[in-house]
Structure formats: C-alpha cells, structure tokens
Amino acid sequence: MKTDKLDGLRQRIGQLNRRILDDLNERLRLVDEIRAVKLERGLAFHDPKREKAMLRELAAANEGPLTEAQLRRIYGAIFEAALEYLEAGAKKKGKREKTKTAR
C-alpha cells in the first residue's frame, strides 16, 4: 500500500517535471521572438534591470514553500540558460553579433 502511494507521488513529480520542461522550452521560444524584435529595433537584448524586475514580481507572488533565495537561484539559472541558448543560436546561424546588454 505504501509503495502504491510512493509510486503515485513519483508519477505526479514526473508529470510536473515534464510540464516544467515544456514551459521552459516555450519560454525559450518567446525569448527568441523578443530577441528578434529587439534586434529589429536596435535594442540591447540582455537587460539586467528587467531581470531584477521579474525577480521582484516573482518574489512578491511566491507563496512558498519555495524561499526567495531558492527562487532567485532557479530563475538566475533560467536567465543564464536563455542567454546561452541565444548565443549558441546566433553562432549556428553564422551571425557575428554578440548578445548586447542594456546598461
């Protein structure tokens, strides 16, 4: 009986992991679209001020049990992965542009 409950909980975690993965991939597709718009407009892609604002919004919305420090680490990794993704994509496409940062 206990194994059934454990298996059920693990199955739910697996389903959540797949949803998180799908959402992360969708986020990268949106980041790619944002980058294209910013390139058209001559704007810097990387905007640390925007990242800080997003973190503030997320921290305010967070009802736990995730701590703010954990939230910041997770989203810091997501932001870093997005930049790596875009830089790798620019290299694949043969573009020589670097990811510009807003100041």
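Rules behind the numbers
Residues numbered from 1 in each chain as written. Predicted model: local features only at pLDDT ≥ 70, side-chain atom pairs only at ≥ 80, totals over all residues. Heavy atoms only, no water. Helix = DSSP H or I, 4+ residues; strand = E, 2+ residues; numbered from the N terminus. Buried < 20%, exposed > 50% of the residue type's maximum accessible area, 1.4 Å probe, protein only. Contact = heavy atoms within 4.5 Å. Salt bridge = Lys/Arg side-chain N within 4 Å of Asp/Glu carboxyl O. Phe/Tyr/Trp six-rings, centres within 6.5 Å; stacked < 30°, edge-to-face > 60°. Lys NZ or Arg CZ within 6 Å of the ring centre and 35° of its normal. pLDDT = per-residue confidence, 0-100. Core = buried A, V, L, I, M, F, W, Y, C linked by side-chain atoms within 4.5 Å. Patch = residues over 30% accessible without salt bridge, like charges linked within 9 Å, V, L, I, M, F, W, Y side chains within 5 Å. Areas by Shrake-Rupley, 256 points an atom, 1.4 Å probe, with all protein chains shown as cover.

1. Quick look at the overall build of the chain
On a plain count of helices and strands, the chain comes out with 3 helices and 0 strands. Taken from N to C terminus, the helices and strands of the chain fall in the order α-α-α. Among the 103 residues that make up the chain, the fraction classed as buried is 17%. A separation of at least 24 residues holds for 63% of the contacts in the chain among residues at least 6 apart in sequence.

2. Observations concerning the pattern of salt bridges
Applying the stated rule across the entire model yields 3 salt bridges. A salt bridge links Glu26 to Arg29; the shortest N-O distance between them is 3.2 Å. Of this pair, Glu26 and Arg29 both sit in helix α1 (residues 2-41), separated by 3 residues, roughly a single helical turn. Among the ionic pairs, Arg72 bridges to Glu68, the shortest N-O distance being 2.9 Å. With Arg72 and Glu68 both in helix α3 (residues 68-92) and 4 residues apart, the pair spans about one turn of that helix.

3. Looking at the side chain of Lys38
As for its position among the elements, Lys38 is in helix α1. With residues near it in sequence (within four places) discarded, Lys38 still touches Leu43, Ala44, Phe45 and Asp47.

4. Quick notes on unusual backbone geometry
Look at the link from Gly64 to Pro65: it is a cis peptide, with omega at 15°. Relative to the helices and strands, Pro65 resides in the loop between α2 (48-61) and α3.

5. Description of the packing of aromatic side chains
Here the distance between the centres and the angle between the planes together describe a pair of aromatic rings. Inspection of the entire model under this criterion finds 1 aromatic pair. The ring centre of Phe45 lies 5.7 Å from the NZ or CZ of Lys38, which sits over that ring.

6. Side note on the confidence of the model for the chain
The share of residues in the chain with pLDDT of 70 or more is 84%, and the mean pLDDT across the chain is 89. The secondary structure element of the chain with the lowest average pLDDT is α3, at 90, and the one with the highest is α2, at 96.

7. Quick word on the nonpolar core
In this structure, Leu28, Val31, Phe45, Ala82, Leu83 and Leu86 together form the largest nonpolar core, which totals 6 residues. When residues of this core are traced back to their parent elements, those giving at least two are α1 and α3. Ignoring anything within four residues of it in the chain, the contact list for Leu28 reads Ala82 and Tyr85.

8. Considerations on the environment of Leu55
Its location among the elements puts Leu55 in helix α2. Assessed through its relative accessible area of 10%, Leu55 is described here as buried. Expressed as a C-alpha distance, the spacing of Leu55 and Gly76, which sit 21 residues apart in the sequence, is 8.9 Å. Those residues in contact with Leu55 that sit more than four places away from it in its chain are Leu71, Arg72, Tyr75 and Phe79.

9. Points about a nonpolar patch on the surface
Residues Ile13, Leu16, Ile20 and Leu24 make up a contiguous nonpolar surface patch of about 330 Å² in total accessible area. Mapped onto the secondary structure, Ile20 falls in helix α1. A residue is classified by how much of its surface remains accessible, and Ile20, at 47% relative accessible area, is partly exposed.

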